[in-house]
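Observations on the model geometry
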Amino acid sequence: MRASAARVITKLTGVYVDVDKAIEEVQQKLLLGLETPSLDYVRAVVLLASLKGGECKFTSYNSLSCLATSLVTRLGWHTMDLVSDNADLSWDDWIETELKRRTFWVAYEIDSYLGLLSDRPMTIRESRLYVSAPRSDPSWDDIT
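We now turn to the structure provided with this report. Throughout, a residue's number is its position along its own chain's written sequence, starting from 1. Totals for whole chains, interfaces and linings use all residues, but because this is a predicted model, local features are given only for residues with pLDDT of at least 70 and pairs of side-chain atoms are given and counted only at 80 or more. Neither water nor hydrogens contribute to the side-chain values; these are computed over all heavy atoms in the structure.

A few points about the pattern of salt bridges
Only one rule defines a salt bridge in this text: a Lys or Arg side-chain nitrogen within 4 Å of an Asp or Glu carboxyl oxygen. As enumerated under the stated definition, the model contains eight salt bridges in all. Of the charged contacts in the structure, one is a salt bridge between Arg43 and Asp40, with a shortest N-O distance of 3.5 Å. Of this pair, Arg43 and Asp40 both sit in helix α3 (residues 39–54), three residues apart, which is roughly one turn of that helix. For the exposure calls, accessible area comes from a 1.4 Å probe over protein chains only, and a residue counts as buried if that area is under 20% of its type's maximum, exposed if over 50%, partly exposed in between. Overall, the relative accessible area of 32% leaves Arg43 in the partly exposed class. Across the salt bridge formed by Lys52 and Glu55, the nearest N and O atoms sit 3.9 Å from each other. The way it works is that DSSP assigns letters per residue, a run of H or I at least four long becomes a helix, a run of E at least two long becomes a strand, and they are numbered from the N terminus.

In structure tokens:
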């Protein structure tokens, strides 16, 4: 996964990136954003959890997965569609809401997989979910 990331970044930007160094820097910065996590912060935690799972580093995978599910729950993303009506959102607000929704579902799937691997219940119970499935990919292209 690291080699693939390095190749893609180099191909797209023309700049060589030391992926191991970049991952280490991101991990260190993650500890600084725990109190006021942004959308990008939560997305970084979810991506790092996926990366560590793919590398079979299960201690890091477990810790980052638990952090991701804790963050999405604390931020209320598991109930984002409980009472909100997203029909009148501006394009930018719709994108942010959709990014939160997609990030939530990735965190939820990681938690589900971790529960299966470790024979433990999931952190977020299905009975507490009030979030719609992500919109279709063509919706991203329709900016009207």
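After that view of the structure, there is still more to cover.
As for the packing of helix α4 (residues 58–74) against helix α5 (residues 91–118)
The contact between α4 and α5 brings their axes to 9 Å, and the two run at 135°. Taken together, the axes of α4 and α5 lie oblique to each other. Crossing hand, α4 versus α5: left-handed. Packed against α4, whose contacting residues are Phe58, Tyr61, Asn62, Ser65, Cys66, Ala68, Thr69 and Val72, the element α5 presents Phe104, Ala107, Ile110, Asp111, Tyr113, Leu114 and Leu117 at the interface. For the contact of α4 with α5, a count of residues per class yields eleven nonpolar, three polar and one charged. Axis lines are fitted through C-alpha atoms, for helices just across the contact stretch, and the angle between N-to-C directions can take any value from 0 to 180 degrees. Roughly parallel means an angle under 35 degrees; roughly antiparallel means over 145; roughly perpendicular covers 65 to 115; every other angle is labelled oblique. Working rule for handedness: look at the near helix, and if it is turned counterclockwise from the far one by less than a right angle, call the crossing left-handed; if clockwise, right-handed. Throughout, a residue-residue contact means that at least one pair of heavy atoms, one from each residue, lies within 4.5 Å. All residues other than Ala, Val, Leu, Ile, Met, Phe, Trp, Tyr, Cys, Pro, Asp, Glu, Lys and Arg, Gly among them, are scored as polar; the first ten of these are nonpolar and the last four charged.

With respect to the nonpolar core
Within the largest apolar cluster, 26 residues are counted, with the highest numbers of intra-cluster contacts made by Val42, Val45, Val46, Val72, Trp77, Phe104 and Ile124. Going through the elements one at a time, α2 (19–30), α3, α4 and α5 are the ones with two or more residues in this core. At eight residues, α3 tops the list of elements feeding residues into this core. If we ignore the near neighbours within four places in the chain, the residues touching Val46 are Ala68, Thr103, Val106, Ala107 and Ile110. We call a set of buried residues a nonpolar core when its members are Ala, Val, Leu, Ile, Met, Phe, Trp, Tyr or Cys and they connect through side-chain atoms within 4.5 Å of each other.

Section: unusual backbone geometry
The backbone of Cys56 sits at a positive phi, close to 60°, despite the residue not being glycine. Looking at where Cys56 falls in the secondary structure, it is placed in the loop between α3 and α4. The backbone of Asp119 sits at a positive phi, close to 55°, despite the residue not being glycine. Within the secondary structure layout, Asp119 lies in the loop between α5 and α6 (137–141). Among the residues examined, Asp119 registers a relative accessible area of 74% and is labelled exposed.

Comments concerning the packing of aromatic side chains
Two rings from Phe, Tyr or Trp (for Trp, the six-membered ring) form a pair when their centres sit within 6.5 Å of each other. Planes less than 30 degrees apart are called stacked, planes more than 60 degrees apart edge-to-face, and all others tilted. For the structure on display, the rule yields five aromatic pairs. Each ring, one from Trp91 and one from Trp94, has its centre 5.3 Å from the other, and the planes form 15°; the classification is stacked. Of this pair, Trp91 and Trp94 both sit in helix α5, three residues apart, which is roughly one turn of the helix. Among the residues examined, Trp94 registers a relative accessible area of 15% and is labelled buried.

Considerations on a nonpolar patch on the surface
Every patch collects residues that have over 30% relative accessible area and no salt bridge, joining them within 9 Å if they carry like charges and within 5 Å if they are nonpolar side chains (Val, Leu, Ile, Met, Phe, Trp, Tyr). Per-residue accessibility takes into account occlusion by the displayed protein chains alone, with areas from the Shrake-Rupley method and a 1.4 Å probe. A cluster of nonpolar side chains, namely Phe58, Tyr113, Leu116 and Leu117, defines an oily patch on the protein surface of about 450 Å² accessible area. Per-element accounting of the nonpolar patch gives the leading share, three residues, to α5. Position of Leu116 among the secondary structure elements: in helix α5. Leu116 sits in the exposed class, given a relative accessible area of 67%.

Considering the state of the cysteines
What counts as a disulfide here is a pair of cysteine sulfur atoms lying within 2.5 Å. For the structure on display, the rule yields zero disulfides. The cysteine Cys56 is free of any disulfide, with Cys66 supplying the nearest cysteine sulfur at 18 Å.

Function-wise, these values are silent; they only describe arrangement.
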